[in-house]
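Overview (structure and organization)
Each chain, letter by letter, is given below.
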Amino acid sequence: MYTNEYYISRCLQIAINGLGTTGPNPMVGAVVVFENKIIGEGYTSAYSGPHAEVNAINAVKDKALLEKSTLYVTLEPCSHHGKTPPCSDLILKHKIPKVVIGCVDDNPQVSGRGIARLEASGCEVIVGVLEKACKAHHKRFFTFHNNRRPYIILKWAETKDGFIAPRTKNEQKPVWITNTYSRQLVHKWRAEEQAILVGTNTVIEDNPSLTVRDWSGENPIRVVLDKYLKLNQSYSILNDEAKTIIISKKDIEYEKNLAQQICGILFLENINSIIIEGGAKTLQAFIDENLWDEARIFTGEVEFSEGIIAPILKGKLISEEHIFNDTLKIYNRD
């Protein structure tokens, strides 16, 4: 006989299918179990689409079995009307007698109300199964609601001798520090997060498009710090491949608490995760203000001898791997 932990683990496995499409909603996973057998499973659809519980219930062929089944879900079912009706209402409609939940929803619109609604109607509710793993899985959603800012991923590549860019780029723009496999991985990351941010100098120097050209998925929202509105339509960042948000001195004060002000704008834009790609000053601003959650740092084989020094970061090393001749280290903020 399988345990509650087994089924919540399965919920986490399928929930990851929503990565990069559900934001700002959480990527939830759910399964329906009858007599120790999964008869329906689902994950959160792209934003504004059905939630995981709805998809799992709809996947059950014989709806009569729902009255004798258990619903497992990574996050507390919602109890409010948003883009879709409350999932708790659907659970009660089908008279599902038992619901097992990974963790409580920190969203003030839910935060225990879904559980209370189910229990008040006679449903047996178990909360906190694989809670730590579920909270880690929903880190973007929880960071957004608890800290009123996106989950922030810093990303850069540096040379063996510690530079993020050469002193001059001459004819080669951009200058690559990492290999093609590392660059493809970066495009995969872009497809997994809601937004990506760079500064004006990065756009002027490299003319990036910040899309997922080397991967399959949605392009992230592009956020550009353009203090004096220097950029024009000739830059790829302003094409129609993805939405672009420009932040100028009309929007924030660039002289102090830059990262905090940016986070305020991103929160109002309903962005719950973002990759900060640079340049060095922009990255260091987020580090200095302690406004980051994860840092992904590549080190390539090349050396510049001189140039722009890589940001200085202190954090907890989570993993280290080699991507051919590149090294990738991932840190969490302590």
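Higher on the page you've got the structure.
The structure contained in this document is the topic of the report that follows. (Residues numbered from 1 in each chain as written. Predicted model: local features only at pLDDT ≥ 70, side-chain atom pairs only at ≥ 80, totals over all residues. Heavy atoms only, no water.)

**Observations concerning unusual backbone geometry**
So the rule is basically this: Where helices and strands are cited, they refer to DSSP runs of H or I of at least four residues and of E of at least two residues respectively, numbered from the N terminus. Exposure classes here rest on a 1.4 Å probe applied to the protein chains alone. A residue is buried below 20% of its type maximum, exposed above 50%, and partly exposed in between.
Note that the residue after Gly23, namely Pro24, is joined by a cis bond; omega there is 5 degrees. In this structure, Asn36 is a non-glycine residue whose phi angle is positive, near 65 degrees. For Asn36, the position within the fold is in the loop between strand E1 (29–34) and strand E2 (37–43). When its relative accessible area of 31% is taken as the criterion, Asn36 is described as partly exposed.

**Details of the pattern of salt bridges**
Once the charged atoms of two side chains with opposite charge are near each other, the side chains can pair. To be explicit about the condition: By convention in these notes, a salt bridge is any Lys or Arg side-chain nitrogen within 4 Å of a carboxyl oxygen on Asp or Glu.
Applying the stated criterion across every chain, the model contains 14 salt bridges. One salt bridge connects Asp293 with Arg149, and the closest N-O pair in it is separated by 2.7 Å. Within this pair, whereas Asp293 is found in the loop between helix H10 (280–288) and strand E12 (294–299), its partner Arg149 is found in the loop between helix H6 (139–147) and strand E6 (151–158), the two being separated by 144 residues in sequence. Overall, Asp293 belongs to the buried group, its relative accessible area being 12%. Measuring nitrogen to oxygen at the nearest pair gives 2.9 Å for the salt bridge that ties Glu306 to Arg167. Taken together, the residues span a long stretch of sequence, with Glu306 in the loop between E12 and strand E13 (307–309) and Arg167 in the loop between strand E7 (163–166) and helix H7 (180–192) at a distance of 139 residues. On the accessibility criterion, Glu306 (42% relative accessible area) is partly exposed. Where salt bridges share partners, they join Lys139, Glu294 and Arg296 into one cluster.

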